[in-house]
Amino acid sequence: MSKLWKNYRGTSLLFLGLILGGLAGVIWGKQVEVVKPFGDLFLNLMYMVLIPLVFFSISSAIASMTEMKRLGKILITALIVFVVTALISAVIGYLAVLLFHPINNVDMASLKHLMGNVKGATSSHTSGLEQLVNTFTVDDFSKILSKNHMLPLIVVAILTGIATSTSGQAAQPFAKVLIAGNTVTMKIVKYIMYYAPIGLGCFFATVIGNLGSEMIATYIRTWLVYLVYAAFYFVVVMSCYALIAGGKPAFKAFWRNIGVPAITAVATSSSAATIPANLEYTKKMGVSPDIADTVVPLGANVHKDGSVVGGVLKTTFLFVLFDRSLTSLQNALLIISVGFLVGMVMSAIPGGGFVAEAVIITIFGFPMSALPLILIISEIIDIPATLINSSSNTTASMLVTRFVEGKNWLGKTK
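Scope of this entry: the structure provided in the associated data block. In this text, all values refer to a predicted model and were calculated from it rather than measured experimentally.

Definitions and cut-offs
Residues numbered from 1 in each chain as written. Predicted model: local features only at pLDDT ≥ 70, side-chain atom pairs only at ≥ 80, totals over all residues. Heavy atoms only, no water. Helix = DSSP H or I, 4+ residues; strand = E, 2+ residues; numbered from the N terminus. Contact = heavy atoms within 4.5 Å. Expected span 1.5 Å × (residues − 1). Bend = angle between axes of the 7 residues up to and from the residue. Core = buried A, V, L, I, M, F, W, Y, C linked by side-chain atoms within 4.5 Å. Buried < 20%, exposed > 50% of the residue type's maximum accessible area, 1.4 Å probe, protein only. Salt bridge = Lys/Arg side-chain N within 4 Å of Asp/Glu carboxyl O. Polar contact = N/O pair within 3.5 Å; in protein donor to acceptor, adjacent residues only side chain to side chain. Axes fitted to C-alpha atoms, helices over the stretch in contact; angles between N-to-C directions. Parallel < 35°, antiparallel > 145°, perpendicular 65-115°, else oblique. Left-handed = near helix turned anticlockwise from the far one by under 90°. Nonpolar A, V, L, I, M, F, W, Y, C, P; charged D, E, K, R; others polar. Phe/Tyr/Trp six-rings, centres within 6.5 Å; stacked < 30°, edge-to-face > 60°. Lys NZ or Arg CZ within 6 Å of the ring centre and 35° of its normal.

This part takes up the environment of valine 338. Mapped onto the elements, valine 338 comes out in helix H14 (residues 329-345). The contact partners of valine 338, leaving out residues within four places of it in the chain, are Thr315, Gly343, Ile360, Ile363 and Phe364.

Dropping the structure here:
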């Protein structure tokens, strides 16, 4: 019980804050706005640490990569499998939103003073190429120190990390500075998160006070849609991956051995904590040790099919709340692409979850004050998302083995 409480203490306290805030909003309505400054305090603290968090987390992660060339065929195949399965996951998530409509009938008019005005779309006179340039770059270094220019900051952080990693021994002192900066920044975030149950609870109270029970119903529907996706992906999609990897023998091996890793993922709510169980039982599925030892740890960082759909859900959540079309071809491709970006790429970054949510908002021009609305989604889908993130690395390992060692790989490893 003590270990269970340790794993879920933060999430439990945050849920308690949201529940109390929601009840306060329902009971007192708009009068609950008296606690709004306590919610604003939490948001401002997160905004203040956002820029160093993004820079140090990305640059230090890339600067620490020193053995990328050694992985060879296994790594290349693994990355291809990760990308393909992540895109499949994003498409399934998008279709689930269109099918079940978790977010509807929410009147945002009463929240305008909380959210602020949505930034206008890029002028129709701006070409697509110019818009792309303006999205990823700015014309002055000082502008990347604003939360409204998150993607240019990410570009600078990536370039800093690559330059540090490829500069050899001469840059090692700077690499240590980046790593230390990330450690300190993450510690600051940890301190701020102690206040999260109160701050986010107060913010949620003001949201519910303005919108009432319809907002609570929206979150419940979102959670239920994610559960449907998770069940479908875990049972159907991963079974298909096992069949593709090695036919019925691989299918049987997968279901004979997935139980312990799956239960570990649910019990710990941590992909990293599930790595030992995944390694042991992936090898029992017939995957060769060298492939399992490469794909599973790598996948725990960069292969998160559950987080991909989380990105899709957060994006569509804001699209509906701010009355933007989900069904146009352009928006559909953008939603799927951004879901892939924030779910797979950003999840590889320490602290990337919060960064991903900020990226969603800045890409589509939503007000940054909408950030807590999707932070709440992150919390309510955390357990099933971890299950999919972690368990999908076993089928990814099987697929990689299939392409590296041939279709009869299962017989070779037994």
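This part is about helix H2 (residues 36-63). With 28 residues, H2 should cover 40 Å at 1.5 Å per step; its first-to-last C-alpha distance of 40 Å lies within 8% of that length. Within H2, the axis deviates most sharply at leucine 50, by approximately 40 degrees, and proline proline 52 lies no more than four positions further along.

Time to look at the side chain of threonine 222. Tracing the backbone through its elements, the reader meets threonine 222 in helix H9 (residues 213-257). Setting aside its immediate chain neighbours within four residues, threonine 222 contacts Pro102, Ile103, Leu313, Phe317 and Ile377.

Now for the nonpolar core. Tyr219, Phe317, Leu318, Leu373 and Met398 are the most contacted members of the largest nonpolar core, which totals 103 residues. Top contributing element to this core by residue count: H9, with 15 residues. If we ignore the near neighbours within four places in the chain, the residues touching tyrosine 219 are Phe204, Phe317, Leu373, Ile376, Ile377 and Ile380.

Oppositely charged side chains are able to pair whenever their charged atoms sit close together. Overall, the coordinates contain four salt bridges when judged by the stated rule. Across the salt bridge formed by lysine 143 and aspartate 139, the nearest N and O atoms sit 2.7 Å from each other. With a relative accessible area of 35%, lysine 143 lands in the partly exposed category. With a relative accessible area of 63%, aspartate 139 lands in the exposed category. A salt bridge links lysine 314 to glutamate 357, with the shortest nitrogen-to-oxygen separation between them at 2.9 Å. In this pair, lysine 314 sits in helix H13 (residues 305-321) while glutamate 357 sits in helix H15 (residues 352-364), placing the two residues 43 residues apart along the sequence. In this structure, lysine 314 and glutamate 357 share a single accessibility class: buried.

Turning our eyes to something else, we now look at helix H11 (residues 275-284). Buried residues of H11: Ile275, Ala277, Asn278, Leu279, Tyr281 and Thr282, and no others. Following H11 by one or two positions, glycine 286 adopts a phi angle in the positive range, close to 105 degrees.

So, on to the side chain of threonine 386. As for its placement among the helices and strands, threonine 386 is situated in helix H17 (residues 382-405). For threonine 386, a relative accessible area of 5% translates into the label buried. From its side chain, threonine 386 meets the backbone oxygen of aspartate 382 in a polar contact 2.8 Å long.

A word on the packing of H2 against helix H6 (residues 150-165). Here H2 crosses H6 at 30 degrees, and the two axes come no closer than 7 Å. In terms of orientation, H2 lies roughly parallel with respect to H6. Helix-helix and strand crossings are classified by hand; for H2 and H6 the assignment is right-handed. In contact with Leu50, Ile51, Val54, Phe55, Ile58, Ser59, Ile62 and Ala63 of H2, H6 contributes Met150, Leu153, Ile154, Val156, Ala157, Ile158, Thr160, Gly161, Ile162, Thr164 and Ser165. Per-class residue counts for the contact of H2 with H6 are 14 nonpolar, five polar and no charged.

It is worth spelling out the packing of aromatic side chains at this point. Under the counting rule described, the total for this entry stands at 11 aromatic pairs. Between the aromatic rings of phenylalanine 319 and phenylalanine 364, the centroid separation amounts to 4.9 Å while the plane-to-plane angle is 85 degrees, which identifies the pairing as edge-to-face. Of this pair, phenylalanine 319 sits in helix H13 while phenylalanine 364 sits in helix H15; the two residues are 45 residues apart in sequence, bridging distant segments of the chain. Like phenylalanine 364, phenylalanine 319 is buried. Taken together, the aromatic side chains of Tyr226, Tyr229, Tyr233 and Tyr241 make up a single cluster linked through ring pairs. Above the face of the phenylalanine 319 ring, arginine 324 is positioned so that its terminal group lies 6.0 Å from the ring centre.

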